[in-house]
Amino acid sequence: QVWSFPLKDKDNNLVEVFENNTLIYRHLTIKKVWLSVTYDKEGIYVGFGGETCGGYITGKINLYLDQVYSWDASASLTGINLKPLTGKLKREYVLVDGKVEVLNVTAYGDMSGLYQTTASLKMAGAGRLQIKALDDLQRKFISARVDWADDFGRVGVESLRDFAFTSCEGSAQLFGQEGTVKLLMKSQDGSRDFTVNLHDYRNRPEKSIIRF
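Here the structure is a predicted model, which is why all the values come from computation and not from measurement. (Residues numbered from 1 in each chain as written. Predicted model: local features only at pLDDT ≥ 70, side-chain atom pairs only at ≥ 80, totals over all residues. Heavy atoms only, no water.)

A.B. asks: Before we move on, can you summarise the overall build of the chain with the specific residues and values?
C.D. replies: The number of helices and strands found in the chain is 3 helices and 14 strands. Out of the 212 residues in the chain, the part that is buried amounts to 31%. The long-range fraction of contacts in the chain, counting pairs at least 24 apart against all pairs at least 6 apart in sequence, stands at 41%. Total accessible area on the chain is roughly 14,300 Å²; 56% of this is exposed by carbon and sulfur atoms. (Helix = DSSP H or I, 4+ residues; strand = E, 2+ residues; numbered from the N terminus. Buried < 20%, exposed > 50% of the residue type's maximum accessible area, 1.4 Å probe, protein only. Contact = heavy atoms within 4.5 Å. Areas by Shrake-Rupley, 256 points an atom, 1.4 Å probe, with all protein chains shown as cover.)

A.B. asks: Describe a nonpolar patch on the surface, and please don't skip the residues or the numbers.
C.D. replies: Taken together, Tyr 39, Ile 44 and Leu 65 make up a surface patch of nonpolar side chains, about 230 Å² in accessible area. Looking at the element boundaries, Tyr 39 is found in strand 3 (residues 28-40). (Patch = residues over 30% accessible without salt bridge, like charges linked within 9 Å, V, L, I, M, F, W, Y side chains within 5 Å. Salt bridge = Lys/Arg side-chain N within 4 Å of Asp/Glu carboxyl O.)

A.B. asks: Could you give an account of the nonpolar core, with specific residues and numbers?
C.D. replies: A general trend in soluble globular proteins is that nonpolar side chains are found buried together. By size, the foremost hydrophobic cluster in this structure holds 17 residues, and its most contacted members are Ile 80, Leu 82, Leu 85, Met 123, Phe 165 and Met 185. Contributions of two or more residues to this core are made by helix 1 (82-89), strand 9 (113-123) and strand 11 (162-165). In this structure Leu 82 touches Gly 87, Val 96, Gly 98, Val 100 and Met 123, once residues within four positions along its chain are discounted. (Core = buried A, V, L, I, M, F, W, Y, C linked by side-chain atoms within 4.5 Å.)

A.B. asks: Please provide a residue-by-residue account of the side chain of Asp 110, values included.
C.D. replies: Relative to the assigned elements, Asp 110 resides in strand 8 (residues 102-110). Residue class for Asp 110 comes out buried when judged on its relative accessible area of 6%. What Asp 110 contacts, discounting residues up to four positions off in sequence, is Val 68, Tyr 69, Ser 70, Trp 71 and Tyr 115.

A.B. asks: Outline the environment of Val 196, listing residues and values.
C.D. replies: With respect to the secondary-structure elements, Val 196 resides in strand 14 (residues 190-199). Under the relative-accessibility criterion, Val 196 is labelled partly exposed at 39%. Sequence spacing of Val 196 and Leu 183 is 13 residues, and the spatial spacing of their C-alpha atoms is 8.7 Å. If we skip the residues at most four places from it in the chain, Val 196 touches Gly 179, Thr 180 and Val 181.

A.B. asks: Give a detailed account of the sheet that holds strand 11, specifying residues and quantitative values.
C.D. replies: An order of 7-10-11 is seen for the 3 strands of this open sheet, with the pairing classed as antiparallel. In the strand order of this sheet, the two ends are held by strand 7 (95-97) and strand 11, each with one partner. Going from strand to strand, the sheet's axes swing by 10° on average, the running direction of each strand aside. As paired strands, strand 10 (residues 127-130) and strand 11 are joined by 4 bridges and run antiparallel to one another. By the bridge assignment for strand 11, Leu 129 is matched with Phe 163. (Pairing = 2+ DSSP bridges. Axes fitted to C-alpha atoms, helices over the stretch in contact; angles between N-to-C directions.)

A.B. asks: Can you explain the packing of aromatic side chains? Please cite residues and give values.
C.D. replies: Taken as a whole, this structure holds 1 aromatic pair when the rule is applied. Where Tyr 45 meets Tyr 64, the ring centres are 6.3 Å apart and the plane angle is 65°; that geometry is what we call edge-to-face. Taken together, the residues span a long stretch of sequence, with Tyr 45 in strand 4 (residues 43-52) and Tyr 64 in strand 5 (residues 55-64) at a distance of 19 residues. For Tyr 64, a relative accessible area of 28% puts it in the partly exposed group. (Phe/Tyr/Trp six-rings, centres within 6.5 Å; stacked < 30°, edge-to-face > 60°.)

A.B. asks: Describe the side chain of Asp 72, naming the residues involved and giving the relevant values.
C.D. replies: Inspection of the secondary structure assignment puts Asp 72 in strand 6 (residues 71-78). Although Asp 72 is buried, it forms no salt bridge, and the closest oppositely charged side chain is Lys 60 at an N-O distance of 5.8 Å. Among the polar contacts listed, one links the side chain of Asp 72 to the side chain of Tyr 64, at a separation of 2.7 Å. Dropping the residues within four chain positions of it, Asp 72 is found in contact with Lys 60, Ile 61, Asn 62, Tyr 64, Ala 107 and Tyr 108. (Lys, Arg positive; Asp, Glu negative; His and termini not counted. Polar contact = N/O pair within 3.5 Å; in protein donor to acceptor, adjacent residues only side chain to side chain.)

A.B. asks: Before we move on, could you go through the confidence of the model for the chain and cite the residues and values that matter?
C.D. replies: Confidence in the prediction of the chain, expressed as mean pLDDT, is 77, and 68% of residues score 70 or more. Confidence scores differ between elements of the chain, with strand 1 (residues 2-4) showing the lowest mean pLDDT of 40 and strand 6 the highest of 95. Within the model, pLDDT remains below 50 along residues 208-212, and this stretch shows 11 contacts once partners closer than five positions in the same chain are excluded. (pLDDT = per-residue confidence, 0-100.)

A.B. asks: Break down the pairing of strand 12 (residues 167-175) for me, citing the residues and quoting the values.
C.D. replies: Bridge count between strand 9 and strand 12: 8 bridges; the pairing is antiparallel. Considered in strand 12, the bridge of Met 123 is made with Cys 168. As paired strands, strand 12 and strand 13 (residues 178-187) are joined by 9 bridges and run antiparallel to one another. Note on strand 13: the bridge partner recorded for Phe 175 is Glu 178. Between strand 12 and strand 13, which follow one another and run antiparallel, lie 2 residues, and Gly 176 among them has a positive phi close to 65°.

What follows is the structure, encoded as structure tokens:
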């Protein structure tokens, strides 16, 4: 469908809508996908949504036709089952079993790079976190000679690798190449409170501005 919005005597803002499509990405199937594209002399505005993993994802991307082609984007996931999602996308690193009550992500930047990203996560029900990237470290403790230090390290890795929780909340703030990720998981036997500080100081080639 194509129609004018807002309603005016002169067409200066067109919207194109695509509905009831199916998208497959890395074996992840998103059904009832819709996509709307609006454009005018100020920019291009994209909205999208669809059903996947028992829940719904919706979001928008705005590209502004200024000198640096600045942009902002946001996405929201509700009722998503994380086990099939992480199992199909990142199961070699982390596997999460549980349902997302809400996950919100926003980002800002321009064609030269990313300025800022924020995210918030809430899981009200029970679930399990498995950090499979720690498997190699766990195998080293098992194969090594076990004294009190090795045993302490092995138990610590196991407690981090696999944890069943009754509720989970998280947040993330990224500014360029630095940021902080926080995750708080609670259970009847205790809790896990993760804070990860990210720093990427690798030299990167300068990015040229993309001209349309």
